[in-house]
Amino acid sequence: MNTTIRTRFAPSPTGFLHLGSLRTALYCFLFTRKHNGTFILRIEDTDQERQVPGATEVIYDTLRDCGIHWDEGPDVGGPAAPYIQSERKDSYLPYARQLIETGHAYYCFCTKEDLALRRRQAEAHGETWKYDKHCLRLPNEEIQAKLRAGTPYVIRQNTPVTGESDFDDLVYGHIAAPNETLDDMVLIKADGMPTYNFANVIDDNSMGITHVIRGMEYLSSTPKYNLLYRALGWEIPQYIHLPNVMRDNQHKLSKRDGDAYYSDFIQKGYLTEALINYLALVGWNPGNEREFFTMEELIEAFSVSGLSKSPAIFDLNKLTWFNAEYIRRLPFEDYLSRATPWFDQALLGKGIDYRRLAELMQGRTEVFNRIPDMVRFLGKMPDFDKELYLNKKQKSTQDSLMPSLKLARDILIPLSPWTEDKIHDALMAGIKEAGLKNGTVLWPLRVAISGQASTPGGAIEIAWLLGKDETLLRLNAAIEDLEKQEERKNP
RNA sequence: GCCUCCGUGGUCUAGCGGUUAGGACACCGCCCUCUCAAGGCGGCAACACGGGUUCGAGUCCCGUCGGAGGUACCA
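Residues numbered from 1 in each chain as written. Chains lettered and ligands numbered in written order. Predicted model: local features only at pLDDT ≥ 70, side-chain atom pairs only at ≥ 80, totals over all residues. Heavy atoms only, no water.

The subject of this paragraph is the protein's contact with RNA strand B. Near RNA strand B lie 67 residues; those nearest to it are Thr128, Lys189, Lys318, Arg364 and Ala459. The protein-proximal atoms of RNA strand B, defined as those within 4 Å of the protein, are 73% sugar or phosphate. At 2.7 Å, a side-chain N or O of Glu291 approaches a sugar or linking oxygen of RNA strand B. One of the backbone N or O atoms of Ala459 is found 2.5 Å from a base oxygen in RNA strand B. Sorting elements by how many residues they give to the surface near RNA strand B places helix α11 (residues 316-329) first, with five residues. Residues that form the surface near RNA strand B fall into these classes: 23 nonpolar, 24 polar and 20 charged. (Near = heavy atom within 4 Å. Polar contact = N/O pair within 3.5 Å; in protein donor to acceptor, adjacent residues only side chain to side chain. Helix = DSSP H or I, 4+ residues; strand = E, 2+ residues; numbered from the N terminus. Nonpolar A, V, L, I, M, F, W, Y, C, P; charged D, E, K, R; others polar.)

Here it is, written out as structure tokens:
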């Protein structure tokens, strides 16, 4: 490999960046960096009807966030500028004309409606629809007359009807398709814009792309692209087609799921690094059992041979596990600042010490958006089922309950200053003195002041976070509540 | 329908003719422990099916079945 590798990521600006596309961009980037090549960003906006304002910026921002840097692109320029297809509009038609002259393409005056009708008829007969080359057989005079009259037309590729076309994909190996099954695809649309199919070939060539890395939805049309390369006398690039990222066995991860865009995950509190790390492993493996990678390490480890051929289901569970791991590894100050807005959602103005809370929460946070529900009880004592007090394993029984709570109260009332160490030592000493098991007192205490089956921290940490006043308030309320309940039972 | 591709536990995967089929997530159990989490230990669970080739097949060939993609003046 002595020629410099040039690759491109060529998204359409139709909205947010889909995770499947992100992964394609990632692999493309990794491959290119690994081989010291040039990574190009090209915006494919040939479909005027599907433009979404601001979508291009979303692509830039997402890629940058992820650490996927492009060497040439619309914003940074480069020797093959412009990098937006609509701005290259005029460069396609001459090639199409050249193809017409050499018999590899032809004008077609069939209307969309007419085509749709014929397609439906063919399908009604159970036949495969394929353009019948009707306009290829038009006499030259008629073509010229229609052209002069301004009749709308498209330009179609004239694919051979015999033989077969084949190529070698770096992932899928040898791919061959009978030419008779190849449709005469439209190259230039009636509005003068090239189709993706055509623009792609022209741009990839004029930008000197050596390796085309893209989703496998293009695998079956690649033979047609290659026919174009040959007709134009161009060198065919290497192909690396990537299997799809699936939601489940039969569905691609789709925009409808609400879980398909990069931004969806970031908003929920997934870390970019975790997402990238996970995504890299959906459809690729490093050849060993390593799972954690920084971007630099991914570049180092990346190899086409580790790419999988079969579609992979996106596993939210595993992503979440990665995310929790990444959160645990975050420097504490970083965690604190990221968690603060989520603490605020449940605890704003409640006077809780976020720093201590963050210490307790960092190891327990899987996704940031789960924080509010986990800490809300600190701001407001929730209602809870009294059954929660009873816990066999902790040796907290109906009989031990009231004495335990009162013991805790008696120990905590005189306590000063209110520090975790003090609370801990006093409680432990009192429990030992009473000859009880830790759980017998601590379990009901934690329940009484939190109302939760589980909390980020034990009774001691929770008591400290709540503060002495609030802790005793809640404890007293719990005791009174139980006493009332007793009275009702035995008046 | 036709064309192309794919097929190892629930999920992501290792395997590239001889393995007790390995790892990770999830799940279950135990330990640790003032709950939960983390951690430690253990467990459940896979070569889609049928034919070949071979001394020997998850690995090679053929077929069946299953799935995906394509079949647009969308990309």
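Next comes the rest of the write-up.
Another aspect to go through is the environment of His211. Locating His211 in the fold gives a position in strand β8 (residues 211-215). Through-space distance from the C-alpha of His211 to that of Arg6 is 6.5 Å; in sequence the pair is 205 residues apart. Beyond its immediate stretch of four places on either side in the chain, His211 contacts Ile5, Arg6, Thr7, Phe31, Leu170, Gln238 and Ile240. (Contact = heavy atoms within 4.5 Å.)

How two aromatic rings sit relative to each other is set out by the distance from centre to centre and by the angle between their planes. On inspection of all chains with the given rule, the structure shows 25 aromatic pairs. Taking the centre distance of 5.7 Å and the plane angle of 35° together, the rings of Tyr27 and Phe302 count as tilted. Pair noted here: Tyr27 is in helix α1 (residues 19-34) and Phe302 is in the loop between α10 (295-301) and β11 (312-313), with a separation of 275 residues, a long-range link. Each member of the pair, Tyr27 as well as Phe302, is classed as buried. Between Phe292 and Trp321, the ring centres sit 5.6 Å apart and the planes meet at 55°, which makes this aromatic pair tilted. Taken together, the residues span a long stretch of sequence, with Phe292 in the loop between α9 (272-280) and α10 and Trp321 in helix α11 at a distance of 29 residues. Of the residues examined, Phe292 reaches a relative accessible area of 18% and is grouped as buried. Ring-pair connections join several aromatic residues into one group, and the members of that group are Phe265, Tyr270, Tyr278, Phe292, Phe314, Trp321, Phe322 and Tyr326. (Phe/Tyr/Trp six-rings, centres within 6.5 Å; stacked < 30°, edge-to-face > 60°. Buried < 20%, exposed > 50% of the residue type's maximum accessible area, 1.4 Å probe, protein only.)

Over its 16 residues, α1 runs 22 Å from end to end, which matches the ideal 22 Å to within 8%, given 1.5 Å per residue. Of all 16 residues in α1, 13 are buried; the element is thus mostly enclosed. Positive backbone phi, at 55°, marks Asn36, one or two positions downstream of α1. (Expected span 1.5 Å × (residues − 1).)

By the element assignment, Ser400 lies in helix α15 (residues 398-412). For Ser400, a relative accessible area of 14% puts it in the buried group. Once residues within four sequence positions are removed from consideration, Ser400 is found in contact with Lys395 and Thr440.

With that settled, consider the pairing of strand β5 (residues 164-169). Of the two faces of β5, only one is covered, namely that formed by Ser165, Phe167 and Asp169; the face formed by Glu164, Asp166 and Asp168 stays uncovered. With six bridges joining them, β5 and strand β6 (residues 173-178) adopt antiparallel strand pairing. Pairing of Asp168 across the sheet is with His174, part of β6. Count of turn residues in the β5/β6 antiparallel hairpin: three residues. (Pairing = 2+ DSSP bridges.)

With an omega of -5°, the peptide bond between Ala81 and Pro82 qualifies as cis. Structurally, Pro82 is set in the loop between α2 (55-66) and α3 (93-101). In this chain, Ser416 is followed by Pro417 through a cis amide linkage whose omega measures -5°. The residue Pro417 is located in the loop between α15 and α16 (420-433) in this model. For Asn36, which is not glycine, the phi dihedral falls at a positive 55°. Note that Asn36 resides in the loop between α1 and β2 (38-41). Look at Asn36 and you get exposed, because its relative accessible area is 67%. The phi torsion at Lys133 lies on the positive side, around 60°, for a residue other than glycine.

Right, let's get into the pairing of β8. Counting buried residues along β8, five of its five residues qualify, which places the element largely inside the surrounding structure. Pairing geometry for β8 and strand β9 (residues 238-242), over five bridges, is parallel. Looking at β9, one finds that His211 is bridged to Gln238. As for the winding sense of the linkage, the β-α-β connection from β8 through helix α7 (residues 222-231) to β9 is right-handed. (Right-handed = clockwise from strand over helix to strand, strands pointing away.)

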